[in-house]
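A structural walkthrough
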Number of protein chains: 2
Amino acid sequence: MKKDQFILGVIVSNHFGVLTRVSGLFARRGYNIDSLNVGETEDPGLSRMTIIVSGDDYIKDQTVKQLAKLQDVKRVELIPEEKASVREMLLIKVRVTRETRSEVTEAVNIFRAKVIDFNADAVTIEVTGHTSKLDAFVEFARTFGIIEMCRAGALAISRGSTAL
Amino acid sequence: MKKDQFILGVIVSNHFGVLTRVSGLFARRGYNIDSLNVGETEDPGLSRMTIIVSGDDYIKDQTVKQLAKLQDVKRVELIPEEKASVREMLLIKVRVTRETRSEVTEAVNIFRAKVIDFNADAVTIEVTGHTSKLDAFVEFARTFGIIEMCRAGALAISRGSTAL
């Protein structure tokens, strides 16, 4: 996470217009969404979004207020990074040769990552963790050649035994 | 993945209106996005979305065609599930007691999951894998009590050594 980024946990109705309303709110104001994730919750009628936004205190304040007013938004919470577990996922396909494969799989172990596919020319790897860990893995992979990668927006869950 | 679901890999310009345009396209037609993920690629000017949609062949066809017409959409590809590695991530906080904690951590090992936070009353776990594996873990956790969970939309990367 960068210094000016903040994390929003948003509980919304599981309704097809809600993603457009939420992203539209940001687009209209010119606020940039760095990452957005939407997935199921323990309640089938509700989804949970984790949104990472860059901005100052004014933008932070406005975002929370405006989101709370939206139809289908049930709850909005700022999740302070120091009180949350923040995790990202990366799938990355790295070019390998017979000579370099063992070097790549060694890094997989060091990063506690997982090989999910491989053939003679490429290894596909799943890495999870903090942004900085994923960035480090991407940097490492670059020296071998990145064929393809996709990265999910961060998920954040509060530390301790309470819920959002 | 359910029978009528399909996976789209979409390369878009890293621009704040693009998420609204993409989700708006679905909302206007009443097509439901089951999950959506947007994150960085190896090119800082481009983002990659993985979108899971429910629908028949007509909807599938229309979605690809309409997305390709959108401003800021550079490439759209249908990713057949049998030719892809599809992975999801789940963060889940499970209620535990001194008596049940070892049962939960045993399941963590079986599922090749990771404990990312814990205290006297709760364990927070990261699980990655196919939808069915995550569903199974959620089902297991329900017997102990789910305090909170958040789930990222699926990521999909093609098998083999070629790129999207």
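Since we're looking at a predicted model, the values are computed, not measured. Along each chain, numbering runs from 1 in the same order as the chain's sequence is written. Chains carry letters from A onward and ligands carry numbers from 1 onward, assigned in written order. Per-residue local features are limited, in this predicted model, to residues with pLDDT of at least 70; the limit for side-chain atom pairs, both in listing and counting, is 80 or more; totals at the level of whole chains, interfaces and linings are taken over all residues. Water and hydrogen atoms play no part in the side-chain values, which are based on all heavy atoms of the structure.

**A few points about the overall build of chain A**
Check the secondary structure of chain A and you find four helices and eight strands. In chain A, the order of α-helices and β-strands from amino to carboxyl end is β-α-β-β-α-β-β-α-β-β-α-β. Summarising its shape, the C-alpha atoms of chain A cover approximately 55 × 35 × 35 Å along the three principal directions. When a residue's accessible area, from a 1.4 Å probe over protein chains only, is under 20% of the maximum for its type it is buried; when over 50% it is exposed; and in between it is partly exposed. Looking at the 164 residues of chain A, the share that counts as buried comes to 57%. For chain A, restricting intrachain contacts to residue pairs at least 6 apart in sequence, the fraction spanning at least 24 positions comes to 74%. For chain A, the accessible area works out to roughly 7400 Å², and carbon and sulfur atoms hold 49% of it. Under the counting rule used here, the positive set is Lys and Arg, the negative set is Asp and Glu, and His together with the chain ends is not counted. To locate a charge, take NZ of a lysine, CZ of an arginine, CG of an aspartate or CD of a glutamate. Side-chain charges in chain A split into 23 positive and 22 negative, and the spacing between the mean points of these groups amounts to 3 Å. In this text, helices come from DSSP runs of H or I with a minimum length of four residues, and strands from runs of E with a minimum of two, each type numbered from the N-terminal end. Contacts between residues were defined by any pair of non-hydrogen atoms, one from each residue, lying within 4.5 Å. Using a 1.4 Å probe, accessible areas were evaluated by the Shrake-Rupley method; residue-level cover was limited to the displayed protein chains.

**Focus: the pattern of salt bridges**
Counted as salt bridges are all cases of a side-chain nitrogen of Lys or Arg within 4 Å of a carboxyl oxygen of Asp or Glu. In this structure the tally under the stated criterion is 22 salt bridges over all chains. In this structure, the salt-bridge partner of Arg151(A) is Asp135(A), at a minimum N-O distance of 3.0 Å. Of this pair, Arg151(A) sits in strand S8 (residues 146–158) while Asp135(A) sits in helix H4 (residues 131–142), and the two are 16 residues apart along the sequence. Of the residues examined, Asp135(A) reaches a relative accessible area of 36% and is grouped as partly exposed. In this structure, Asp57(B) and Lys60(B) form a salt bridge, with 3.8 Å as the shortest nitrogen-oxygen distance. In this pair, Asp57(B) and Lys60(B) both sit in helix H2 (residues 57–69), three residues apart, roughly one turn of the helix. Of the residues examined, Asp57(B) reaches a relative accessible area of 59% and is grouped as exposed. The network of salt bridges with shared partners includes Arg48(A), Lys93(B) and Glu148(B).

**Here's the deal with the interface of chain A and chain B**
Across the contact, 57 residues belong to chain A and 56 residues belong to chain B. By definition, the buried area sums, over both parts, the 1.4 Å-probe accessible area that each loses when the two are put together. Here chain A packs against chain B, burying approximately 5100 Å² in sum over the two surfaces, 56% of which is carbon and sulfur. Inspection of the region where chain A meets chain B yields six salt bridges. Close ionic contact of Glu126(A) with Arg87(B) constitutes a salt bridge, the shortest N to O distance being 2.5 Å. Secondary-structure elements contributing two or more residues to the side of chain A that touches chain B are helix H1 (18–29), strand S2 (33–40), strand S3 (46–54), strand S5 (84–95), strand S6 (114–118), strand S7 (122–129) and S8 of chain A. In terms of residue count, the dominant contributor to the side of chain A that touches chain B is S8(A) (12 residues). In the scheme used here, Gly and all other residues not listed as nonpolar or charged are polar, with Ala, Val, Leu, Ile, Met, Phe, Trp, Tyr, Cys and Pro taken as nonpolar and Asp, Glu, Lys and Arg as charged. Partitioning the side of chain A that touches chain B into residue classes produces 22 nonpolar, 20 polar and 15 charged.

**A closer look at the state of the cysteines**
Note on terminology: disulfide denotes any pair of cysteine sulfur atoms within 2.5 Å. Going through the model one piece at a time under the given rule, you end up with zero disulfides over all chains. We note that Cys150(A) lacks a disulfide partner, and the nearest cysteine sulfur, in Cys150(B), lies 18 Å from it. Here Cys150(B) falls in the buried class, since its relative accessible area comes to 1%.

**Regarding the side chain of Thr128(B)**
Relative to the helices and strands, Thr128(B) is located in strand S7 (residues 122–129). A residue is classified by how much of its surface remains accessible, and Thr128(B), at 2% relative accessible area, is buried. Between N or O atoms, a polar contact is any pair within 3.5 Å; within protein, one atom must be a potential hydrogen donor and the other a potential acceptor, and residues adjacent in sequence are included only when both atoms are from side chains. A polar contact of 2.6 Å, which involves the side chain of Thr128(B), links it to the side chain of Glu126(A). Contact partners of Thr128(B), with chain neighbours within four places excluded, come to Met89(A), Lys114(A), Glu126(A), Thr128(A), Arg87(B), Glu88(B), Met89(B), Lys133(B) and Leu134(B).

Read these as geometric descriptors, not functional statements.
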